[in-house]
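# Structural overview for review
Here's the letter readout for the chains.
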Amino acid sequence: MDDQQERPLSLDWAAGLIVGEGCFGFTLQRKKHNVVRVTPVFSIGMKDQEAIDTLDRILKEHDLPVYRTGYGEMHTIQVSGLKRLKRYTDVLHPALVGQKKEACRIVGLFVGRRLARPYNSPYSDEEIELVKASRLNNAGKGSRGKLSPDLLRENPVFAEHQTAKTHCPQGHEYSPDNVAFSNTGARRCIICDRASKQRHYERRRESSETLRSTPSLNEG
Ligand SMILES: [Zn+2]
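Overview of the structure. Just so you know, these numbers come straight off a predicted model, no measurement behind them.

### Some points on the overall build of the chain
Looking only at helices and strands, the chain has seven helices and six strands in total. The order of helices and strands in the chain, counted from the N terminus, is α-β-β-α-β-β-α-α-α-α-β-β-α. Out of the 220 residues in the chain, the part that is buried amounts to 19%. Restricting to contacts in the chain with at least 6 residues of sequence separation, those with at least 24 account for 57%.

### A few points about the sheet that holds strand 3 (residues 68–69)
Reading across the sheet, the four strands line up as 1-2-4-3 and stay open at both edges, with antiparallel pairing between neighbours. Where the open sheet ends on each side, the last strands, each with one partner, are strand 1 (22–30) and strand 3.

### Points about the environment of I106
Mapped onto the fold, I106 is located in helix 4 (residues 98–115). Taking C-alpha positions, I106 is 7.9 Å from V131, a pair spaced 25 residues apart along the chain. In this structure, I106 is in contact with L130, A133, S134 and N137, ignoring residues within four places of it in sequence.

### Some details on helix 4
It helps to recall that an α-helix has 3.6 residues per turn; residues three or four apart then point in one direction. Between its first and last C-alpha, helix 4 extends 26 Å over 18 residues, near the 26 Å set by a 1.5 Å rise per residue. At its buried positions, helix 4 is contacted by helix 1 (11–21), strand 1, strand 2 (36–46), helix 3 (82–92) and helix 5 (125–138).

### Digging into the nonpolar core
With 29 residues, the main nonpolar core has L55 and V107 as its most contacted residues. Residue assignment for this core shows that the elements contributing at least two residues are helix 1, strand 1, strand 2, helix 2 (49–61), helix 3, helix 4 and helix 5. The element that contributes the greatest number of residues to this core is helix 4, accounting for six residues. Leaving out residues up to four positions away in the same chain, L55 has contacts with A14, L17, I44 and I77.

### Some remarks on helix 2
Along its 13 residues, helix 2 runs 18 Å from first to last C-alpha, staying within 8% of the 18 Å computed at 1.5 Å per residue. If you check which residues of helix 2 are buried, you get I52, L55, I58 and L59. Along the axis of helix 2, the buried positions cluster into a sector of 125 degrees, meaning they face one direction only. Residues E50, R57 and K60 are exposed on helix 2 and point more than 90 degrees away from its buried face. On the buried face of helix 2, the contacting elements are helix 1, strand 2 and strand 4 (75–80). Backbone geometry just after helix 2 places D63 at a positive phi near 60 degrees.

Reading the values: rules and limits
- Residues numbered from 1 in each chain as written.
- Predicted model: local features only at pLDDT ≥ 70, side-chain atom pairs only at ≥ 80, totals over all residues.
- Helix = DSSP H or I, 4+ residues; strand = E, 2+ residues; numbered from the N terminus.
- Buried ≥ 20, exposed ≤ 12 C-beta atoms within 10 Å, placed from the backbone.
- Contact = placed C-beta atoms within 7 Å.
- Pairing = 2+ DSSP bridges.
- Expected span 1.5 Å × (residues − 1).
- Core = buried A, V, L, I, M, F, W, Y, C linked by C-beta atoms within 7 Å.
- Arc of directions from axis to C-beta.

Read these as layout, nothing more, since geometry by itself doesn't imply function.
Printed below as a string of structure tokens:
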């Protein structure tokens, strides 16, 4: 009972730290073709490394992915992306209280809506309102960037155009067997990826053969 190492780490302890220092919100970034993209984010930064280390351990024990950053004296956990934030909001919402509980709820709602829609579909009014509500609730704190959520309304045409594409630029069909997703969630053509790897491999082989067949300057 007294053995500290055997004691399960408490989600309530983690929630207490997050209520004090954590943040659930969104970042808005302008991408190519003036598209604005919303990324849900959880972050917490403290100078107290022991507190962040302990939080790190508790989050991992609840199968929450943890990404550590930090600058200067700050120790930071920052997690972003729809699926990761879905996990975070599902697990943490019941344990949180007050304004951070509301911030977590808003992000959770947005993430739920977005994951239920086809990839790259335009932001709905409801989603845009959630981003605005998050800004208001966070009252400036944790809302990075100066882009207005209303800019999201300018996206739809491009976003729909992207989803509507059925073939890669080389004309291969994006069939279920021929589509992969990059880290950013963009579709990739598997046939083209393989061809590009093959070309890369052949170039490397050719250049190493050239090296071998070229007499070294030091020889002879
Ligand atoms: Zn292709």
